[in-house]
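Read off the chains here:
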Amino acid sequence: MKKTVLEILMFSAYALFAASWVSGAILTPAIQSSFGEEGFANATWGSNVITIAKIVGNLAAAALLMRLGAKRAFMIAIILIAAGGFGALAGSYGAWLMSRLALGLGGALAIVYFAPVVLHYFSAEERPLINGINAAAFNAGNLLALLTTTALLSWLGSWQSIVVLYGVMALALGILWWLSAENFPLSGGGDKPQEEYGFKQGAREGFNWWLPLAYCGVLFCYIAVFALFPLIDGFAVASNHLSAVMIAAGMVGTVAGIIVTKRYPLRLPVLRFGGLALVVFAALMVTSRDPMIAYTAAALAGFCMFLPMTALVTLPQELPGMTPAKITVTFAMFWSVSYGVETVLMYGAGVLADVTGEPATAAYFAVACSASLFVFSFLLPESGKKSSEENLEADNATA
């Protein structure tokens with residue numbers, strides 16, 4: 001029962017982080033107007049500071065967990081997410097941006113702490129399901145914001161009320177977390193002494209670099225759909241429609257990914273199939289001039305984008321000798337490197353569009369970068385094992 005409660009609280013906290021981020025982006029014109037700000041460059045800072053905070057926060061997550069334990073560390077994450085909501089009461093645009101920075105830090109900490117909690121509380125058979133659910137947390141919050149922000153604005157009357165509401169909800173989750181959570185050994189349990197495993201040790205393992213490099217292009221393509229595509233004219237359908245279709249299909253892809261990961265023991269074939277199919281369908285989505293084909297391709301791209309996510313986050317947990325301490329460093333590096341590379345790629349896409357004079361080239365660049373999952377999967381180890389029946393069939397086939 002305890003593990004179920006903790007999982008619900010962690011999922012909800014990260015979903016609220018996503019909802020607060022996306023609703024803030026949707027409400028940017030009203031936010032700028034209330035602070036007397038204008039200009040596109042200023043508008044982008046609301047999301048940029050969150051991205052920067054996630055890079056820094058992911059790296060800080062491991063150190064906080066080692067020093068404070070899971071209970072206090074995740075509580076800090078929730079408080080920071082709540083601070084992002086109460087920033088709506090700020091008296092200046094600069095203070096508002098600082099609250100967005102706090103929001104990003106909270107989200108960065110929260111997503112890293114998924115892995116050690118899942119590794120400690122859930123069995124190997126349960127992890128694919130829980131990992132898949134957690135992989136859908138951001139999409140759930142994103143979809144919540146897309147579906148409710150306009151209605152909430154009409155009901156509550158101001159953008160401040162909406163953002164503060166998310167802050168209040170986060171604080172309520174924080175209280176429940178503090179009453180329910182506990183610290184646990186980070187070395188893997190038992191009477192073993194706590195293992196010293198930090199970024200110095202993690203940086204020496206090639207796997208900790210190949211994993212984020214495999215994902216960074218997919219992350220860039222996902223963020224580009226929301227942050228970059230709306231600036232580009234010429235798609236067969238409105239970019240916000242493409243976004244909604246991809247999110248909805250991504251939720252279905254997450255469910256399919258959970259089923260595949262539970263039933264199919266190998267991880268790398270799933271990563272390669274999903275990664276390659278994503279590139280194909282995303283390319284069709286941005287190049288087709290037929291609305292029906294664009295919608296269909298967007299749905300299939302969203303499905304294939306999230307199909308491999310459960311396998312991707314389960315793979316590190318299955319490696320020999322993995323402990324909560326190690327998995328925390330692995331995912332701290334995973335998210336920090338992924339967002340760091342994504343930030344560079346996003347800037348590169350803008351430069352490419354300026355140099356060529358064709359904004360659409362930025363979309364093509366984002367689609368090309370999504371091939372990272374397929375390419376770098378060949379450098380990742382296989383953590384899954386074939387069943388004894390499959391091994392017997394393979395031996396008979398080669399006999």
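Our subject is the structure that appears above.
None of these values were measured; they are calculated from a predicted model.

**Some points on the nonpolar core**
Nonpolar side chains in soluble globular proteins tend to end up buried together. In terms of nonpolar packing, the biggest core is built from 124 residues, with F74, W96, Y113, W177 and F229 touching the most fellow members. It is helix α4 (residues 93-121) that provides the largest number of residues to this core, a total of 15 residues. Each of domain 1 (1-185) and domain 2 (198-384) gives at least three residues to this core. Not counting residues within four places of it along the chain, the set of residues in contact with W177 comprises L6, L9, M10, A70, K71, F74, M75 and I78.

**Considering the pattern of salt bridges**
Within the structure shown, the criterion is met by 2 salt bridges. In this structure, E126 engages K3 in a salt bridge whose closest nitrogen and oxygen atoms are separated by 3.0 Å. In this pair, E126 is assigned in the loop between α4 and α5 (127-135) and K3 in helix α1 (residues 2-26), connecting sequence segments 123 residues apart. With a closest N to O distance of 2.7 Å, E318 and R267 form a salt bridge. With E318 in the loop between α13 (309-317) and α14 (324-356) and R267 in the loop between α10 (239-263) and α11 (268-287), the pair connects residues that are 51 residues apart, well separated along the chain.

**Some remarks on the environment of K200**
Relative to the helices and strands, K200 resides in helix α8 (residues 199-202). K200 gets classed as exposed once you look at its relative accessible area, which sits at 60%. Residues K200 and V329, spaced 129 residues apart in sequence, show a C-alpha to C-alpha distance of 9.7 Å.

**Considering the packing of aromatic side chains**
Within the structure shown, the criterion is met by 19 aromatic pairs. Judged by centre distance (5.2 Å) and plane angle (75 degrees), the rings of W96 and W159 are edge-to-face. Separated by 63 residues along the polypeptide, W96 in helix α4 and W159 in helix α7 (residues 159-180) bring together distant segments of the chain. The exposure class of W96 is buried, given its relative accessible area of 3%.

**A few points about the packing of α13 against α14**
If you want to describe how two helices pack, look at the angle between their axes and the distance between the axes. Two elements in contact, α13 and α14, have axes separated by 10 Å at closest approach and are oriented at 140 degrees. When the interaxial angle is binned, α13 and α14 end up oblique. Residues L312, V313, P316 and Q317 of α13 form the contact with α14, whose own contacting residues are I327, T330, F331 and F334. Along the lines of polarity and charge, the residues of the contact of α13 with α14 split into 6 nonpolar, 2 polar and no charged.

Calculation notes
Residues numbered from 1 in each chain as written. Predicted model: local features only at pLDDT ≥ 70, side-chain atom pairs only at ≥ 80, totals over all residues. Heavy atoms only, no water. Core = buried A, V, L, I, M, F, W, Y, C linked by side-chain atoms within 4.5 Å. Buried < 20%, exposed > 50% of the residue type's maximum accessible area, 1.4 Å probe, protein only. Helix = DSSP H or I, 4+ residues; strand = E, 2+ residues; numbered from the N terminus. Domains from an automatic or database assignment. Contact = heavy atoms within 4.5 Å. Salt bridge = Lys/Arg side-chain N within 4 Å of Asp/Glu carboxyl O. Phe/Tyr/Trp six-rings, centres within 6.5 Å; stacked < 30°, edge-to-face > 60°. Axes fitted to C-alpha atoms, helices over the stretch in contact; angles between N-to-C directions. Parallel < 35°, antiparallel > 145°, perpendicular 65-115°, else oblique. Nonpolar A, V, L, I, M, F, W, Y, C, P; charged D, E, K, R; others polar.

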